[in-house]
Amino acid sequence: MTYSVALEPLQKQLTIPINKAALQQKLDSALALIMQKLDATILDLGDKFPGEACKDGVWPHVENCAWTAAFWPGRLWLAWEMTNEDRYREAAERCLPAFRFRLDHAIRTNTHDLGFLYILSCVSAWKLTGNETARQLALEAADKLMERYLPDAGILQAWGTLDDPEQKGRIIIDCNMNLPLLYWASEQTGDRRYAEAAIAHVAQAATHLVRADASTFHTYFFDAETGKARFGNTHQGYSDDSCWARGQAWGIYGFLLTWRYTGDNSMVELSRRLAHYFLNRLPEDDVCHWDLDLCNTDAVRDSSAAAITVCGLLELVNGLPVLDPNREIYENWALQIMASLTENYLSTAEERCEGILKHGVYHMHDDIGVDECTSWGDYFYMEAMIRLRKSWVPYW
Ligand code: GLY
């Protein structure tokens, strides 16, 4: 399948190559800071989870009920992989019963976010330690996610019950990140239904969420019964026809996750096109505003979208042929954004800020988590870091 989507030429050439050794040193210092902050948070939280975003630099302590809960064990697994310190593995494993409880009691499980939730908590545990209980739990979550598949439209409905008049037939770009749960379930069980649903969904996302100019809608509605495409709009972006920065980042990275499992090169090409659109709309310090349409304004930044994009760009490098000259270009962009995040966006040891990556935005319209650390921002900054330290096997 090919998608007719524009490939904008990149406007800014990174002429001065990043000093990789100097960046690595800064990342080593950042890792020490991260461990310090994580250690404090482990102690503070007890058996609770950090909320979606900090409030005035402090994590709300919540039960396992938000879409972001698994970014906490995700961070702990990454910390374990980077340090070999058993306390991180133990803390990640202590989270598992809460994910069992959540599924058993259907706590906010009417959501495509089952992917985020059970990939980073359970698939990770299975891949890293062979934890069979975690594997079973992730397979159950995949079955639960399949309940959201609407075969006539070939989509996974994002939010709400399937008969919710406001959410019926709605998909969102973020869902690309959840599809690996289904691909993984097919691999584990030999049952192709999971992967077939994911492949059908991603084709609808590529066709309808991506606009011809390679920007993206945040959400798109289909007629659930006939499958007829209806219209795109936004939930968290500036406007229905703007390009929400984090949505674009979920697209850049998320389409590549389908490529990882299927080998479909059209996903790599699509990601490349979304990446060019994103990179052409960055301010001076290369960390995006919360909506890419606000790139020439003093709107607040979304560092979390920048961190997701660094991971996406590094995955894009993996998706291109070894001799492709673009590999170096995308790697340099990833390093450039990472350097900017590391120099200007991290909290300090002295500061009263419990998170790591400052200046993210959760939900501007609802005024939640604006200019704060976010659970996923901290996670993806750490994922970018591990990708730059070693050859890393993704939990996705
Ligand atoms: N997936 C929800 C968000 O990015 O805010």
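The paragraphs below set out a description of the structure included in this document. (Residues numbered from 1 in each chain as written. Predicted model: local features only at pLDDT ≥ 70, side-chain atom pairs only at ≥ 80, totals over all residues. Heavy atoms only, no water.)

**Things to note about the site of the ligand**
Phase 1: The local shell around the ligand consists of Trp-67, Asp-174, Gln-236, Trp-244, Arg-246, Trp-250 and Tyr-362.
Phase 2: At 2.7 Å, a side-chain N or O of Asp-174 approaches a nitrogen atom of the ligand.
Phase 3: Note that an oxygen atom of the ligand is positioned 3.0 Å from one of the side-chain N or O atoms of Trp-250.
Phase 4: Across the complex, the protein chains shield 95% of the 200 Å² of accessible surface that the ligand would expose by itself.
Phase 5: Here the shell around the ligand is composed, by residue class, of four nonpolar, one polar and two charged. (Near = heavy atom within 4 Å. Polar contact = N/O pair within 3.5 Å; in protein donor to acceptor, adjacent residues only side chain to side chain. Areas by Shrake-Rupley, 256 points an atom, 1.4 Å probe, with all protein chains shown as cover. Nonpolar A, V, L, I, M, F, W, Y, C, P; charged D, E, K, R; others polar.)

**Thoughts on the side chain of Glu-383**
Phase 1: With respect to the helices, strands and loops of the structure, Glu-383 is situated in helix α13 (residues 375-389).
Phase 2: Accessibility expressed as a relative area gives 0% for Glu-383, which makes it buried.
Phase 3: One polar contact links Glu-383 to Trp-396, side chain to side chain, over a distance of 2.8 Å.
Phase 4: For Glu-383, the contacting residues outside a window of four places in its chain are Leu-78, Tyr-253, Cys-311, Trp-392 and Trp-396. (Helix = DSSP H or I, 4+ residues; strand = E, 2+ residues; numbered from the N terminus. Buried < 20%, exposed > 50% of the residue type's maximum accessible area, 1.4 Å probe, protein only. Contact = heavy atoms within 4.5 Å.)

**Observations regarding the environment of Lys-48**
Phase 1: By secondary structure assignment, the location of Lys-48 is in the loop between α1 (20-45) and β1 (49-50).
Phase 2: Along the chain, Lys-48 and Ala-299 lie 251 residues apart, while their C-alpha atoms are 33 Å from each other.
Phase 3: Not counting residues up to four positions away in its chain, the partners in contact with Lys-48 are His-61, Val-62 and Glu-63.

**Things to note about unusual backbone geometry**
Phase 1: With phi around 65 degrees, Asp-286 is a residue other than glycine that occupies positive phi space.
Phase 2: With a relative accessible area of 3%, Asp-286 lands in the buried category.
Phase 3: Even without glycine at this site, Asp-367 takes up a positive phi of about 55 degrees.
Phase 4: With respect to the helices, strands and loops of the structure, Asp-367 is situated in the loop between β8 (360-363) and β9 (368-372).

**Some details on the environment of Ala-30**
Phase 1: Counting through the fold element by element, Ala-30 comes out in helix α1.
Phase 2: Assessed through its relative accessible area of 4%, Ala-30 is described here as buried.
Phase 3: Taking the C-alpha atoms as reference, Ala-30 lies 9.5 Å from Glu-343; in sequence the two are 313 residues apart.
Phase 4: Other than its neighbours up to four places away in sequence, Ala-30 contacts Thr-342, Leu-346, Tyr-381 and Met-385.

**Points about the sheet that holds strand β7 (residues 229-233)**
Phase 1: Within the open sheet, the three strands sit side by side as β5-β6-β7. Their pairing is antiparallel. Of all strands in the sheet, those with a lone pairing partner are β5 (170-172) and β7, marking the two edges. Ignoring which end each strand starts from, the neighbouring axes of this sheet average 25 degrees apart.
Phase 2: Of the pairings in the sheet, the one linking β5 to strand β6 (residues 219-222) comprises three bridges and is antiparallel in character. Looking at the pairing, Ile-172 lines up with Thr-219 of β6. (Pairing = 2+ DSSP bridges. Axes fitted to C-alpha atoms, helices over the stretch in contact; angles between N-to-C directions.)

**Thoughts on the packing of helix α10 (residues 265-279) against helix α12 (residues 326-344)**
Phase 1: Where α10 contacts α12, the two axes come as close as 13 Å, and the packing angle between them is 45 degrees. It follows from the interaxial angle that α10 and α12 lie oblique. Crossing handedness for the pair α10 and α12: left-handed. Contact residues: Arg-272, His-276 and Leu-279 in α10; Asn-326, Tyr-330, Trp-333 and Ile-337 in α12.
Phase 2: A breakdown of the residues in the contact of α10 with α12 according to their chemical character gives four nonpolar, two polar and one charged. (Parallel < 35°, antiparallel > 145°, perpendicular 65-115°, else oblique. Left-handed = near helix turned anticlockwise from the far one by under 90°.)

**Brief notes about the nonpolar core**
Phase 1: With 141 residues, the main nonpolar core has Phe-255, Phe-380, Tyr-381 and Trp-396 as its most contacted residues.
Phase 2: When near neighbours in sequence (up to four residues on either side) are disregarded, Phe-380 contacts Phe-71, Met-177, Trp-250, Tyr-253, Ala-307, Ile-308, Cys-311 and Trp-396. (Core = buried A, V, L, I, M, F, W, Y, C linked by side-chain atoms within 4.5 Å.)

**Side note on the pairing of β8**
Phase 1: By the bridge criterion, three bridges tie β8 to β9 in an arrangement that is antiparallel. Looking at β9, one finds that Gly-360 is bridged to Glu-372.
Phase 2: Linkage of β8 to β9, two consecutive antiparallel strands, is achieved through a turn of four residues, within which Asp-367 is found at a positive phi near 55 degrees.

**A closer look at the pattern of salt bridges**
Phase 1: Counted according to the given criterion, the structure contains 24 salt bridges.
Phase 2: Lys-390 is the salt-bridge partner of Glu-81, the closest N and O atoms lying 3.3 Å from each other. Here Lys-390 lies in the segment after α13 and Glu-81 lies in helix α2 (residues 71-83), a separation of 309 residues in the sequence.
Phase 3: Members of the salt-bridge network, linked through shared partners, are Arg-260, Glu-315, Glu-383 and Arg-387. (Salt bridge = Lys/Arg side-chain N within 4 Å of Asp/Glu carboxyl O.)

**Thoughts on the packing of helix α5 (residues 114-129) against helix α6 (residues 132-146)**
Phase 1: Contact geometry for α5 and α6: axes closest at 8 Å, N-to-C directions at 160 degrees. The pairing of α5 with α6 is recorded here as roughly antiparallel in orientation. The chirality of how α5 crosses α6 is left-handed. In contact with Leu-114, Tyr-118, Cys-122, Val-123, Ala-125 and Trp-126 of α5, α6 contributes Glu-132, Ala-134, Arg-135, Leu-137, Ala-138, Ala-141, Lys-144 and Leu-145.
Phase 2: Grouping the amino acids of the contact of α5 with α6 by side-chain chemistry returns eleven nonpolar, no polar and three charged.

**Here's the deal with α10**
Phase 1: Over its 15 residues, α10 extends 21 Å from the first C-alpha to the last, a length consistent with the 21 Å expected when each residue adds 1.5 Å.
Phase 2: A large share of α10 lies buried, amounting to 13 of its 15 residues. (Expected span 1.5 Å × (residues − 1).)

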